[in-house]
Amino acid sequence: MSVTSSIAPSLPVIDRKTPPGAGALAWLKENLFATWISTAITLALGYVIIRVTVAIVLWALVHAIWTVPYSANGIAQTAVCQDAKGFGACWAVINDKFRLILFGRYPFKEQWRPAICVLIFIALYGVSAMRAFWRKELALIWIGALTVVGVLMWGGILGLEPVTDDYWGGLPITLILATFGLAFGFPLAILVALGRRSRELPAVRMLCVVYVELIRGVPLISVLFMASVMFPLFMPAGVNIDKLLRAQIAITLFAAAYLAEVVRGGLQALPRGQTEAADALGLSYWKKTGFIVLPQALRLVIPPLVNTFIGFFKDTSLVLIIGLFDLLTMGKVALSDPPWQGFSTEVYITLGLIYIAFCLAMSRYSRGLERELGASQRR
Amino acid sequence: MSDATIDPRLTGRAAPKRALRLSWSDPRFRAIVWQVVILGGVAIIAWYLISNTSRNLAARHIATGFAFLERTAGIPIGESLISYNPAADTYGRALVIGVLNTLKVSVIGIILATILGTLVGIGRLSKNWLMARLTAFYVETIRDLPLLLQLLFWYTVLQGLPAPRNAMSIGGAVWLSNRGLKLPTLDWEFAHTAAVIAFLIGCAGTWLWNRHARLRQEATGDRPPVWPVALCLLIGLPVVVWLMSGAPFQWDIPALRGFNFQGGTNVSPEYFALLLGLVTYTAGYIAEIVRSGIQAVPWGQWEAAGALGLKRGAILRRIVLPQALRVIIPPMTSQYLNLTKNSSLAVAIGYQDLVSIANTTLNQTGQAIEGIAVIMAVYLTISLSISLFMNWYNAHIALVER
């Protein structure tokens, strides 16, 4: 034990804080220059980090081009960007295309509607994150919010101009696919998880096991392909379900299988005494489930539920492959405009920042929640 | 009356069975009714979908069945592990190539992601603040970006590399250009095959010697040295065999001829981008698994082993890792499965994996159901194989309790 490697697992119980009054130098010595290996790592990493940071700042800020002139017929003149290629970013592409990327081909004058929908979704996530709202009424809030989103997007009533979903695109599509997938998948997932746990109904249990394992064993792409090429065959002649709804059904069925496993984890974590006590009180199966089991089990699974939701949020980008216009697809569409071809790095970085903003907020929240709930259980 | 009151758990006999009553108040009767209703509902929906499908297929004059696998494919395939001629070979062979390409990227991806993920996971536990912060930043960022976005980004980066004429080079042997990565290969001769066989024999010998040493230690208490013997068998033996058979050693180094490289082996930009994306993405998840696995082993284990006089390497190998692996294996399995399933995103950047070739097939032949059935069957087989193997391994290292 004489050589303390700098990459040895740290002591879980050790107090890393320097004693009071030790100052910055002691902190540096402790955390950056403790041994000669640690010093070497610090110097090497520090060098690389500084070089990369300087290069990124020069590319993204100093040499960047923010606007380009337009010709008389409204076509962007990107020669100045082409010249800067390689050492300066061309943020003018975002400047020119951000409405297209965010809202797709939604009628330009009506784009306040998808913008409000995005805000409603964010508010919905915020409300669901607050523990004061973790009660049955939350389901009503979800139903209300999703109805408002549907009315705003489709229009046709209340004097709103109707817009068919062929014209939807961008961020609202990503949020709709993920959120509706969760909203419809979750009740299904609860039923499947209960069915998989049921001892009295072996046939139903088998059905649930086959469903969950089948879906979890294949990639989401194959389920989406199924929705896009096999669904039309399933329907009677003349019935045509549009593309967005088919993808939504596929994502919902896919989400339900994963959510069912999350819910099952919560059901398993519940002590058996709870169900036995409910049985002793003579409660029926549905009363026992609704009043005793689910309220406790679902509370346990909120952190993994958020993590699963982050996964779906990212996975909705796969609809690009079946030709739906979500956020990522709109980025590619924006890049197919001849003047802007070749500026994909800038567009992908912008899309990445949007995805990170959502996912980081959710994962931070779920980690904090895990710590909080864990603390209350440790006691 | 008296035997009826004895608790059946005490007698070891099952409780006497009551006759099934045809009444809603009998739970067993209720269970049967519910199951019949639910299964009947599922069967009716399935029958409805199947009858619609067969009517639609008949209306479109699409024949069902797998006969199309025998037809000539005509799909151009860029890279393949087995020979393929688009003008003569069948759809069946094209799909087999797709499966092999999927396996090629999955297996190599799993190995590389495990290595990178373990390094990053250990890095997150580093006492060096800069190292811990940098790896934490990597894990956060990579896990919060959709994999598809990362794949498209890497593919664009590789497409933006200079043409072969101005390719970037490492030591004049490895070339990176927009045509992909060129690596030197070894001219394979009999001596190399012999050396590989000698190495395998060395492995077997080392295993036997290790077993002998263990038995000897159990019997007498002292352990014959293993490392010198292993070194001789694993490295010495193949080197001697290679030297004896003439020691041939000739690299086939890629070199620029005209507009492209000749010689060596090529890693296509599509494969390279897919591998890069899958490895960096999955490594972010594996790092977290490794970190929590190591942290799950209490520090007292390190201290107790140190107090027994074990060296640091021995503590890690014999005390900490076996305990950490128990925590690590189950989530690691699901990451391996995820990587394999995520390799299907290849279709977005034009690497011809199973999904990509099956998609082309079903577009050309109209055999949508069969094409998707093939995709699902193959992935289910791969998923089940990986989980069976990992379950076996998990059972192998599981804690044996009384």
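Note that the coordinates shown come from a computational prediction; the quantities given were computed from them, not determined experimentally.

Basis of the calculations
- Residues numbered from 1 in each chain as written.
- Chains lettered and ligands numbered in written order.
- Predicted model: local features only at pLDDT ≥ 70, side-chain atom pairs only at ≥ 80, totals over all residues.
- Pairing = 2+ DSSP bridges.
- Helix = DSSP H or I, 4+ residues; strand = E, 2+ residues; numbered from the N terminus.
- Domains from an automatic or database assignment.
- Core = buried A, V, L, I, M, F, W, Y, C linked by C-beta atoms within 7 Å.
- Buried ≥ 20, exposed ≤ 12 C-beta atoms within 10 Å, placed from the backbone.
- Contact = placed C-beta atoms within 7 Å.
- Expected span 1.5 Å × (residues − 1).

(A) Representation of the pairing of strand S3 (residues 180-183) of chain B within the structure. Residues and elements named next belong to chain B. Alignment of strand S2 (residues 174-177) against S3, held across three bridges, turns out to be antiparallel. Within S3, the position partnered with leucine 176 by the bridge is leucine 181. Between S2 and S3, which pair antiparallel one after the other, the connecting turn spans two residues. The sheet contact formed by S3 and strand S8 (residues 265-267) spans three bridges and is antiparallel. Residue leucine 183 lies in a different strand from S8, and its bridge partner there is threonine 265.

(B) Spotlight on the domain arrangement of chain A. Along its sequence, chain A is carved into domain 1 (1-8 + 21-62) and domain 2 (98-378). Computed from C-alpha coordinates alone, the two centres of domain 1 of chain A and domain 2 of chain A are separated by 41 Å.

(C) Seen up close, the nonpolar core. Of all hydrophobic cores here, the largest spans 142 residues; its most connected members are Leu224 and Val263 of chain A together with Leu148, Leu151 and Leu274 of chain B. In terms of residue count, the dominant contributor to this core is helix H8 (residues 269-296) of chain B (14 residues). When neighbours within four sequence positions are excluded, leucine 224 of chain A is seen to be in contact with Ala247, Ala250, Leu318, Val319, Ile321 and Ile322 of chain A.

(D) Main features of the environment of leucine 276 of chain B. Tracing the backbone through its elements, the reader meets leucine 276 of chain B in helix H8. Each C-alpha atom, one on leucine 276 of chain B and one on glycine 65 of chain B, is 38 Å from the other, the two residues being 211 residues apart in sequence.

(E) Up close: helix H5 (residues 147-159) of chain B. Residues and elements named next belong to chain B. Relative to the 18 Å expected for 13 residues at 1.5 Å per residue, H5 spans 18 Å between its end C-alpha atoms, a close match to the ideal helical length. Taking burial as the measure, the 13 residues of H5 include 10 buried ones, the bulk of the element. For H5, the complete set of buried residues consists of Leu147, Leu148, Leu149, Gln150, Leu151, Leu152, Phe153, Trp154, Tyr155 and Leu158.

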